[in-house]
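# Structural overview
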Amino acid sequence: HDLNDTWSTTASGGMQLTKRKRDSYGVSGDGFVANTLNLISSAAITSASQGFSEQTSLGFYVQEQVGYKDRLFGTAAVRIDDNSAFGRDFSLVVYPKASLSWVISDESFFNVGWVDDLKLRGAWGQAGNAPAPFSADRNYETSNATVGDVAVSTLETNDFGNPNLKAETGSELELGFEGSLFKGKIGLDFTVYNKSTKDALLSVDDPPSSGWTGSHLVNVGEINNKGIELAINTTPLRRSFLEWDLTASISTNKN
């Protein structure tokens, strides 16, 4: 709502529930009498497979936007997430964010004739990436064995699990500007960014003393990406019968 002619505010919030469930079935057969008799039940050897996975994510967020004289704008928000793939010893994760933009060309002291519009902006925020379903759980898988002359089902070690498993968390800072020059003939958009990901999910070998022989996920990695993005657009030719728009861009990234 508008507080007065100078200030305006907008508040919002909500809940997001995402659930993904996957069931898969497969059948195969070897040894058919003829190519035209290709029903699986007609094969000499038949086999079947079945898979299941499920992941649920629940998130809440609140956000506040503030404007000052239609030229200075600020946003602050926070999001709280829980995910079924987190370890049992880890529950919630909090992601804050904040941004600020300033249309400096609307200020009375700004007097650059060849600049039509110029907006400065900056933002910082966090976001996460949850592990895959069942990554935190210690579980087993089925197999087959022969005892005497009888085929029986057996259990074997599968995933070692990690009760402390949590989401990767990325923090990114962006600074930049966008503007229009020479009565709209040239447009600029420039951004410099620095993103760091902590608690990145990496696979490590299971401890041999546990009896497991595979690998499991742990939050031990750290990744950094930084660079710039620049886009320039212009209209070098504008006639009643022909208009030519030209855009050039360049970006860098150091990882």
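So, here is what we can say about the structure in this document. (Residues numbered from 1 in each chain as written. Predicted model: local features only at pLDDT ≥ 70, side-chain atom pairs only at ≥ 80, totals over all residues. Heavy atoms only, no water.)

### Focus: the overall build of the protein chain
Just so we agree on the cut-off: Helix and strand assignments come from DSSP, with helices taken as H or I runs of at least 4 residues and strands as E runs of at least 2, each series counted from the N terminus. In this treatment the radius of gyration is a C-alpha quantity, and the globule benchmark scales as 2.2 Å times the residue count to the 0.38 power. Burial classes follow relative accessibility: with a 1.4 Å probe on protein chains only, a residue under 20% of its type's maximum area counts as buried, one over 50% as exposed, and anything between as partly exposed. The contact definition used throughout considers only heavy atoms, calling two residues in contact when any of these lie within 4.5 Å. Here Asp and Glu are counted as negative and Lys and Arg as positive; His is not counted, and neither are the chain ends. Charged side chains are reduced to one point each, which is NZ for Lys, CZ for Arg, CG for Asp and CD for Glu.
Helix and strand counts for the protein chain stand at zero helices and 11 strands. Listing each helix as α and each strand as β along the protein chain from the N terminus yields β-β-β-β-β-β-β-β-β-β-β. Since a compact globule built from 255 residues should have a radius of gyration of about 18 Å, the 29 Å found for the protein chain marks it as more spread out than a globular shape. Reported as C-alpha extents along the three principal axes, the dimensions of the protein chain are approximately 95 × 55 × 35 Å. Taken over 255 residues, the protein chain has a buried fraction of 24%. Pairs at least 24 residues apart make up 58% of the contacts formed inside the protein chain by residues separated by at least 6 positions. For the protein chain, the centre of its 21 positive side-chain charges and the centre of its 31 negative side-chain charges are spaced 7 Å apart.

### With respect to the side chain of threonine 197
As for its position among the elements, threonine 197 is in strand β9 (residues 186–205). Residue classification places threonine 197 among the buried residues on the basis of a relative accessible area of 14%. What threonine 197 contacts, discounting residues up to four positions off in sequence, is Glu168, Thr169, Gly170, Gly221, Glu222 and Ile223.

### Here we look at unusual backbone geometry
Residues other than glycine seldom take positive phi values, yet lysine 69 does so here, at roughly 55°. Among the structural elements, lysine 69 can be located in the loop between β2 (45–68) and β3 (72–83). The exposure class assigned to lysine 69 is partly exposed, which follows from its relative accessible area of 41%. Positive phi, normally seen in glycine, also occurs at aspartate 70, with a value near 55°.

### Describing the pairing of strand β11 (residues 243–251)
Keep this limit in mind: In this description, strands pair whenever DSSP reports at least two bridges between them.
Of all nine residues that make up β11, zero are buried, and the element is exposed over most of its length. Remark: four residues form the turn of the hairpin made by strand β10 (residues 215–238) and β11, two consecutive strands paired antiparallel.

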